[in-house]
Amino acid sequence: MRNALITIGLISILSCSKTDPVYFPTATKPVCFDCSLLSENYQDTLEHPTILGERLSNPYLVPNMTKAYRNVYGKYPAPLPVTHLYVKFTPSDYKQLNILEKEDLDLFEYPLDRELISEGDYYEQPGKGEEDIPDYYAIVESNYIFPPGIKVEVLDRMNIPPNDPAWENEALKLTNNLFDHGLYGSKSEATNTESTMAGAADCSHNPSGRVMVRNNLLTDHSLHPVPGVRIVIRRLFKTERLYTDLNGEFRSGKYYRNKYTIIAKFKNEHANISRTRPKRIFEQFFPVKINFGRWDNLDCLHSFNIEYPDQTGTVATSQWCAAVAHNALWDYHKLCARSSIGTPPQKLNIILSAKKSSGHGNTYMMQSIMEDNTAAFIAGEALIIGTLTAMNPVTGVAAIAVTEFLRTRAPDITYGYGGDPSFLTTDRYNELVMHELAHASHYKVVGTVWWARFGLAEATNKGEGYYGACCTEKAGMIALGEAWAYTIGHLFTDKEYGLQSTAFPEQGLIDENRDVLLFSNQSEFSSHIHFLESYNPNRKLDPSYWIPKGLFYDLMDPDIELFSNPAVIDKVSGYSCGQIFSVMNKDVKNIQDFKTAFIARYGGRQAKVIEDLFQQYGY
């Protein structure tokens with residue numbers, strides 16, 4: 001078996017029989033109860049069930065909390081208010097599920113009044129089939145306003161103190177929920193980890209951690225922070241939502257006695273990053289999550305590491321790709337501000353697909369298109385079949401379910417995580433992500449009708465290669481959109497990774513690894529700048545030679561050639577990303593329109609050499 005792709009701290013599996021009990025009379029080290037199981041589960045492509053234990057009494061019911069308060073403080077409190085509700089939602093269809101997901105609650109498929117052994121990918125609810133939308137359980141504040149039309153049942157009314165250990169522990173004791181049995185289970189169930197920082201006891205009941213992702217760069221294989229990722233902590237009915245800071249760190253301000261679960265979800269104000277599912281299609285509404293385990297006595301700022309996968313297509317691959325995409329999205333917004341480029345729409349719907357190669361992406365913007373107007377909606381509907389074929393590994397009845405899903409929650413952007421593992425370097429995947437985000441910035445300027453036409457042009461332009469044949473009526477629009485995306489993808493990746501970038505093939509049949517050129521770091525220039533500077537628009541072995549992938553960079557770089565024997569003699573210099581982007585409005589429908597508009601606005605003394613540069617690229 002390969003090494004675990006998700007490393008939760010420094011895990012050392014205890015070596016003895018499965019039935020030998022592990023007893024920690026006074027635990028001084030962090031204990032994870034299900035890390036080994038989770039690490040094994042993430043190695044494959046399968047969905048794994050949530051494992052529940054016995055039914056538990058709710059310690060936070062108001063009468064029990066009142067009694068616990070009396071026992072601890074020697075007096076009865078003033079009438080305790082209901083602070084939280086334990087509820088069950090029953091959405092009837094995808095439309096209602098879409099509404100519920102947008103409420104941005106932390107939803108659970110399994111009942112919370114059962115002991116949690118290990119949280120998996122799904123829970124088999126009695127009477128529900130694989131494709132039946134399940135009931136969802138949640139903890140909401142008492143003043144929460146429920147979305148109209150969705151069936152909801154209030155199961156319990158509770159008072160949950162955020163940070164009163166003595167009172168809460170007494171309530172747990174009264175309902176047999178302390179879980180202090182001195183027996184954590186068999187050695188196959190408990191994993192003892194060394195504390196990574198001094199003073200573990202100070203953090204054992206207020207969980208804190210650092211979420212990191214493993215780089216796979218030229219020589220840099222260090223861990224990099226994952227900022228802005230959602231963290232959900234749960235024990236029984238007590239839940240908390242946090243977000244990691246710029247260092248990838250989170251710190252809980254609430255008290256958790258023991259056996260608390262920590263989960264990362266790739267969702268924030270920028271995007272919801274989910275993944276396709278061969279079954280249980282409704283799960284595509286929800287973000288990729290990483291269960292970091294069920295913990296006791298956790299140390300301060302414990303390192304939760306998302307390790308680099310050694311193959312594509314597994315659950316762990318989707319988690320690593322989600323983390324890299326999440327970081328790229330974070331960096332993209334930062335670089336847009338520095339470059340005077342418009343950012344994409346907020347709350348993008350990004351879906352990862354194992355069916356698509358890890359070198360492929362597409363900016364459909366279908367969710368935005370279909371929410372806008374009727375004409376664009378029709379175009380969006382036309383794209384659904386192509387999207388279904390390209391990204392979902394399903395057929396038959398399941399394909400019908402996916403089509404219905406897409407009509408409710410269509411992707412704005414898709415990225416692959418299957419196929420050739422050579423694409424899974426940090427900089428190459430970052431370039432893929434930023435390429436599609438550059439498209440999304442373009443979409444925000446030109447609007448839905450323009451973008452629907454662009455999507456249909458790319459989907460229907462026949463011919464070899466990714467983009468079809470040159471010189472068709474659709475080619476000019478494709479050339480414009482892709483020239484921009486290739487420039488920004490590679491330029492921004494160079495800014496992030498520089499000479500730690502890895503080599504990559506281009507200018508040929510890349511998926512077949514045939515007739516390609518290899519672009520690598522050259523002296524003081526990264527492989528990404530090498531590619532933009534050396535792009536050859538006359539290389540007919542490349543079926544996409546007519547996409548002017550180096551053109552916009554040639555407008556910005558100095559008017560000297562960095563490498564020998566250039567295919568394009570560039571005498572233009574000094575323009576910026578912001579100036580190029582400012583011309584790409586909805587009236588500029590193709591690369592010829594762009595040339596005319598750019599020269600009219602910014603040409604000046606360089607008008608003639610700009611004209612010459614475009615002609616060298618075939619325009």
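Rules of the game
- Residues numbered from 1 in each chain as written.
- Predicted model: local features only at pLDDT ≥ 70, side-chain atom pairs only at ≥ 80, totals over all residues.
- Heavy atoms only, no water.
- Helix = DSSP H or I, 4+ residues; strand = E, 2+ residues; numbered from the N terminus.
- Contact = heavy atoms within 4.5 Å.
- Areas by Shrake-Rupley, 256 points an atom, 1.4 Å probe, with all protein chains shown as cover.
- Disulfide = S-S within 2.5 Å.
- Core = buried A, V, L, I, M, F, W, Y, C linked by side-chain atoms within 4.5 Å.
- Buried < 20%, exposed > 50% of the residue type's maximum accessible area, 1.4 Å probe, protein only.
- Pairing = 2+ DSSP bridges.
- Axes fitted to C-alpha atoms, helices over the stretch in contact; angles between N-to-C directions.
- Phe/Tyr/Trp six-rings, centres within 6.5 Å; stacked < 30°, edge-to-face > 60°.
- Lys NZ or Arg CZ within 6 Å of the ring centre and 35° of its normal.
- Polar contact = N/O pair within 3.5 Å; in protein donor to acceptor, adjacent residues only side chain to side chain.
- Parallel < 35°, antiparallel > 145°, perpendicular 65-115°, else oblique.
- Left-handed = near helix turned anticlockwise from the far one by under 90°.
- Nonpolar A, V, L, I, M, F, W, Y, C, P; charged D, E, K, R; others polar.

Asks: Got a minute to help me understand the overall build of the chain in this structure?
Replies: Counting its regular elements, the chain contains 16 helices and 22 strands. The long-range share in the chain, meaning contacts at least 24 apart out of those at least 6 apart in sequence, stands at 77%. Carbon and sulfur atoms make up 52% of the accessible area of the chain, which totals about 24,700 Å².

Asks: Got a minute to help me understand the state of the cysteines in this structure?
Replies: By definition, a disulfide links two cysteine residues through a covalent bond between their sulfur atoms. A complete count under the given rule lists two disulfides for this structure. Here Cys 32 is linked by a disulfide to Cys 35, with a sulfur-sulfur distance of 1.9 Å. Taking the sign of the S-S torsion, about 90 degrees here, the bridge from Cys 32 to Cys 35 comes out right-handed. Numbered in order of appearance, the disulfide-bonded cysteines of the chain are paired 1-2, 3-4.

Asks: Just to check I follow, could you spell out the nonpolar core for this structure?
Replies: Burial of nonpolar side chains together is a common tendency in soluble globular proteins. Grouped together as the largest cluster of nonpolar side chains are 108 residues, with contacts concentrated most on Ile 262, Phe 266, Tyr 429, Phe 552, Leu 555 and Phe 594. No other element matches the 13 residues that helix H5 (residues 315-339) contributes to this core. The contacts of Ile 262, once residues within four sequence positions are left out, are Pro 207, Ile 231, Val 232, Ile 233, Phe 250, Ile 290, Asn 291, Phe 292, Gly 293, Trp 295, Leu 298 and Phe 304. Tyr 60, Tyr 86, Leu 116 and Leu 236 belong to the second-largest nonpolar core, a separate cluster that totals 24 residues.

Asks: Looking at this model, I keep getting lost on the sheet that holds strand E18 (residues 348-357). Mind explaining?
Replies: Within a sheet, neighbouring strands are paired by backbone hydrogen bonds and run either parallel or antiparallel to one another. One open sheet accounts for four strands, arranged E15-E18-E20-E19; its pairing is mixed. Single-partner strands in this sheet number two, and they are strand E15 (271-275) and strand E19 (361-362). Here E15 runs beside E18; their pairing, made up of five bridges, is parallel. From the neighbouring strand, Ile 273 faces E18, where its bridge partner is Ile 350. Relative to E15, H5 is tilted by about 160 degrees, and along the sheet it contacts E15, E18 and strand E20 (413-418).

Asks: I'm lost on the sheet that holds strand E7 (residues 151-158) in this one. Help?
Replies: With respect to topology, three strands assemble into an open sheet ordered E6-E4-E7, the strand pairing being antiparallel. The two strands at the open ends of the sheet, each matched to only one other strand, are strand E6 (136-141) and E7. Ignoring strand direction, the axes of neighbouring strands in this sheet form an average angle of 25 degrees. Here seven bridges tie strand E4 (residues 84-90) to E7, and the two strands are oriented antiparallel to one another.

Asks: Would you take a moment to explain the environment of Ile 351 for this structure?
Replies: Inspection of the secondary structure assignment puts Ile 351 in strand E18. Taking C-alpha positions, Ile 351 is 6.6 Å from Thr 276, a pair spaced 75 residues apart along the chain.

Asks: Even after reading the chapter, I still don't get unusual backbone geometry, so can you show me in this structure?
Replies: Note: most residues except glycine have negative phi, and most peptide bonds are trans. Even without a glycine there, the phi angle at Asn 297 is positive, about 60 degrees. Turning to its location among the elements, Asn 297 is positioned in the loop between strand E16 (289-296) and strand E17 (302-306). The phi angle at Ser 340 is positive, at roughly 60 degrees, despite the residue not being glycine. Mapped onto the elements of the fold, Ser 340 is located in the loop between H5 and E18. Residue Ser 340 is classed as exposed on the basis of its relative accessible area, which comes to 58%.

Asks: I tried to follow the packing of aromatic side chains on my own but got confused; where do I start?
Replies: Each aromatic ring pair is specified by the distance between its two centres and by the angle formed by the two planes. For the structure shown, the criterion picks out 33 aromatic pairs. With a centroid separation of 6.2 Å and 80 degrees between ring planes, the pair formed by Tyr 443 and Trp 451 is classed as edge-to-face. Here a set of aromatic residues connected by ring pairs shows up, and it is made of Phe 552, Tyr 575, Phe 594, Phe 598, Tyr 602 and Phe 614. Over the aromatic face of Tyr 76 sits the side chain of Arg 70, whose NZ or CZ is 5.7 Å from the ring centroid. Its guanidinium or amino end placed over the ring of Tyr 486, Lys 549 lies 4.3 Å from that ring's centre, counting from NZ or CZ.

Asks: I'm lost on the side chain of His 302 in this one. Help?
Replies: Along the chain, the position of His 302 falls in strand E17. A distance of 2.4 Å separates polar atoms of two side chains, one belonging to His 302 and the other to Asp 299.

Asks: How do you make sense of helix H12 (residues 527-534) when you look at a structure like this?
Replies: One full turn of an α-helix is made of 3.6 residues, so residues set three or four places apart face in the same direction. With respect to burial, H12 is a largely interior element, seven of its eight residues being buried. For H12, the complete set of buried residues consists of Ser 527, His 528, Ile 529, His 530, Phe 531, Leu 532 and Glu 533. The secondary structure elements touched by the buried residues of H12 are helix H9 (426-446), helix H11 (475-497), strand E21 (504-506), strand E22 (517-519) and helix H13 (551-556).

Asks: I'm lost on the side chain of His 270 in this one. Help?
Replies: Among the secondary structure elements, His 270 is positioned in the loop between strand E14 (260-265) and E15. A polar atom in the side chain of His 270 sits 3.5 Å from the side chain of His 333. Side-chain polar atoms of His 270 contact the side chain of Gln 346, separated by 3.1 Å. Once residues lying within four places of it in the same chain are set aside, the contact partners of His 270 are Leu 329, Trp 330, His 333, Pro 345, Gln 346, Lys 347 and Leu 348.

Asks: I keep staring at the environment of Phe 292 and nothing clicks. Help me out?
Replies: In this fold, Phe 292 is placed in strand E16. Judged by relative accessible area, Phe 292 falls into the buried class, the value being 0%. Along the backbone, Phe 292 and Val 211 are 81 residues apart, and their C-alpha atoms lie at a distance of 9.8 Å.

Asks: When you look at the packing of H9 against H11 in this model, what are you seeing that I'm missing?
Replies: Packed helix pairs are specified by the crossing angle of their axes together with the interaxial distance, meaning the distance between the axes. The geometry of H9 relative to H11 is characterised by a closest axis approach of 7 Å and an angle of 135 degrees between their N-to-C directions. When the axes of H9 and H11 are compared, the pair comes out oblique. The handedness of the crossing between H9 and H11 is right-handed. Contact residues: H9 offers Thr 426, Asp 427, Asn 430, Glu 431, Met 434, His 435, Ala 438, His 439 and His 442, while H11 offers Gly 481, Glu 482, Trp 484, Ala 485, Tyr 486, Ile 488, Gly 489, His 490, Phe 492, Thr 493, Glu 496 and Tyr 497. In terms of residue class, the contact of H9 with H11 is built from eight nonpolar, nine polar and four charged.

Asks: Explain the pairing of strand E11 (residues 230-235) here, please?
Replies: Along any regular strand the residues' side chains alternate between the sheet's two faces. Burial analysis of E11 places six of its six residues in the buried class, which makes it a mostly covered element. Covered by surrounding structure in E11 are Arg 230, Val 232 and Arg 234 together with Ile 231, Ile 233 and Arg 235, the residues of both alternating faces. Pairing of E11 with strand E12 (residues 238-243), which is carried by six bridges, proceeds in the antiparallel orientation. What sits directly across from Arg 230, in E12, is Tyr 243. Where E11 hands over to E12, the hairpin turn is made up of two residues, of which Leu 236 adopts a positive phi near 55 degrees. Two strands pair when backbone bridges link them, and E11 and E14 are joined in this way by five bridges, in the antiparallel orientation. Across the sheet, the residue bridging to Ile 231 is Ala 264, located in E14.

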